[in-house]
Amino acid sequence: MTERWFKVGINNDDEMYMFRAINLAAKGEGFVNPNPLAGAVIVKDGKIISEGYHKFFGGPHAEIYALGDAGIKAKGADLYVNIEPCSKYGKTPPCVDAILKAGIKRVVVALLDPNPMRKGKGIRFLKRCGIEVVTGVLEEDAKRLNEIYIKYKTSSLPFIIMKTVLGLNGAMITDTGETENVLCPESREYIKKMRNKIMGVMIGVDTLISEDPALTVRLKERPYISPKAIIIDPKLQIPETSKLLTTIKERAIIIACTQGYSEDKRVMLEALGVKIIVTPQRGKGTVDMGYLVKELGSLGIDSIIVEGGKELNYATMDSELVDKVICFITPKILKESRQDEIAITSDIMVRDMSSKKLGDDLLIEGYI
């Protein structure tokens, strides 16, 4: 397994086993949305006897896999989980019942479930049953892992990532990572993996027309789920021959438009299975991004990566919708098409920035 390296210093055994649980949880990225990423490690007499992670939405939770593998050895053992065990019936029975039945003596939790309907209930149940519970171990790392789940469960809005591509001359361009024109192979692979982790990828119709991307994942080394395609297309200008429309059987396609669109085009698109969302009109006939994002959240979409050009990026940023920024800097002098000057209405500070090298490119990430 390729482990995620969080900003953590391991200080004791609890943190060491929790670090393992967090890394196990990360293996579910892209397959459990809108559930949280969850990993579980069972330790007895200073040794790991079993472990598990939440593998797919609707499937057994991490604790159930770990308890099943441990069997009778779980009695008297410690259980490490990166997020609070569930206490309510959902698609699966509550994990706290299985923990109690297995005879676990101690449960170590990194993060309480941020879902207001569940927060703290699992912990209180276990304590009432006489099980020792420790909370807050590597909590910040657990929050970072489940940042999408936390945002969605506390606001009903999707976690939004804005992607940009810059040349060394400062030119900002649109690059969906599906051609070999700008970004290096490592960056293009990173974009595919990022898409596999989130539920929606958003571009504007101009990008769709100019690049004709499929916006799919196509990972070679592991299973994948391509995100829902979300197109900002105020007047339904999407070409009928668009490559994107050929992927309708693989994942949902959503187009956001405003009044004044072609009714014949809408009928044709809906006949193909495309979902059309008509939003109020903003500014010069543009889509109301705030309205759209709320609608997408109501459809169960917990995360979106915005891969548009300047206009879409600034509209999303100016609406105060962006949570995270990822910026690829390529060691190239790029040509930039002339556009009307676009400006956001206030300065926005990016915090908690980090960087890493991807092939010839540099990737910078940060939070708003």
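This text goes with the structure placed above it.
Residues numbered from 1 in each chain as written. Predicted model: local features only at pLDDT ≥ 70, side-chain atom pairs only at ≥ 80, totals over all residues. Heavy atoms only, no water.

Draft legend 1. A look at the overall build of the protein chain. Scanning the protein chain from terminus to terminus reveals 11 helices and 17 strands. Expressed as a percentage of its 368 residues, the buried residues of the protein chain come to 51%. In the protein chain, the proportion of contacts linking residues at least 24 apart, taken out of those at least 6 apart, comes to 69%. (Helix = DSSP H or I, 4+ residues; strand = E, 2+ residues; numbered from the N terminus. Buried < 20%, exposed > 50% of the residue type's maximum accessible area, 1.4 Å probe, protein only. Contact = heavy atoms within 4.5 Å.)

Draft legend 2. Structural view of the sheet that holds strand β5 (residues 132-135). Taken in spatial order, the 5 strands of this open sheet run β2-β1-β3-β4-β5, and their pairing is mixed. Looking along the sheet, the strands with just one partner apiece sit at the ends: β2 (47-53) and β5. The mean angle between the axes of side-by-side strands here comes to 20°, regardless of whether they run parallel or antiparallel. Bridge analysis of strand β3 (residues 78-83) against strand β4 (residues 106-111) gives 5 bridges, and the strand direction is parallel. Residue pairing across strands places Leu-79 opposite Val-107, the latter belonging to β4. The sheet contacts of helix α2 (residues 62-70) involve β1 (39-44), β2 and β3, and relative to β2 the element is tilted by about 140°. (Pairing = 2+ DSSP bridges. Axes fitted to C-alpha atoms, helices over the stretch in contact; angles between N-to-C directions.)

Draft legend 3. Fine view of the nonpolar core. Ranked by size, the top nonpolar core spans 43 residues in total, and within it Met-18, Ile-42, Leu-79, Ile-99, Ile-104 and Val-107 carry the most contacts. At the level of secondary structure, the elements contributing two or more residues to this core comprise α1 (13-25), β1, α2, β3, α3 (95-102), β4, α4 (121-128) and α5 (139-145). Among the elements that line this core, the one with the most residues is α1, at 7 residues. Among the nonpolar cores identified, the runner-up in size contains 35 residues, and Val-165, Ile-203, Leu-236 and Ile-276 belong to it. (Core = buried A, V, L, I, M, F, W, Y, C linked by side-chain atoms within 4.5 Å.)

Draft legend 4. Looking closely at the pattern of salt bridges. Taken as a whole, this structure holds 16 salt bridges when the rule is applied. In this structure, Arg-282 engages Asp-288 in a salt bridge whose closest nitrogen and oxygen atoms are separated by 3.9 Å. Overall, the relative accessible area of 44% leaves Arg-282 in the partly exposed class. Classification of Asp-288 by relative accessible area gives buried; the value is 14%. Connected through salt bridges with shared partners, the residues Arg-144, Glu-147, Lys-324, Arg-351 and Asp-352 form a single ionic network. (Salt bridge = Lys/Arg side-chain N within 4 Å of Asp/Glu carboxyl O.)

Draft legend 5. Layout of the pairing of strand β16 (residues 351-358). Bridge count for β16 against strand β17 (residues 361-367) is 6 bridges, and the pairing is antiparallel. Looking at β17, one finds that Lys-357 is bridged to Leu-362. Counting the residues in the hairpin turn of β16 and β17 gives 2 residues, including Gly-359, whose phi is positive at 60°.

Draft legend 6. Representation of the packing of α2 against α3 within the structure. Their axes nearest at 9 Å, the elements α2 and α3 cross at an angle of 20°. As far as their axial angle goes, α3 and α2 are roughly parallel. Remark: the crossing between α2 and α3 carries left-handed chirality. Facing Glu-63, Ile-64 and Leu-67 of α2, the residues of α3 in contact are Cys-95, Ala-98, Ile-99 and Ala-102. Residues belonging to the contact of α2 with α3 are distributed by class as follows: 6 nonpolar, no polar and 1 charged. (Parallel < 35°, antiparallel > 145°, perpendicular 65-115°, else oblique. Left-handed = near helix turned anticlockwise from the far one by under 90°. Nonpolar A, V, L, I, M, F, W, Y, C, P; charged D, E, K, R; others polar.)

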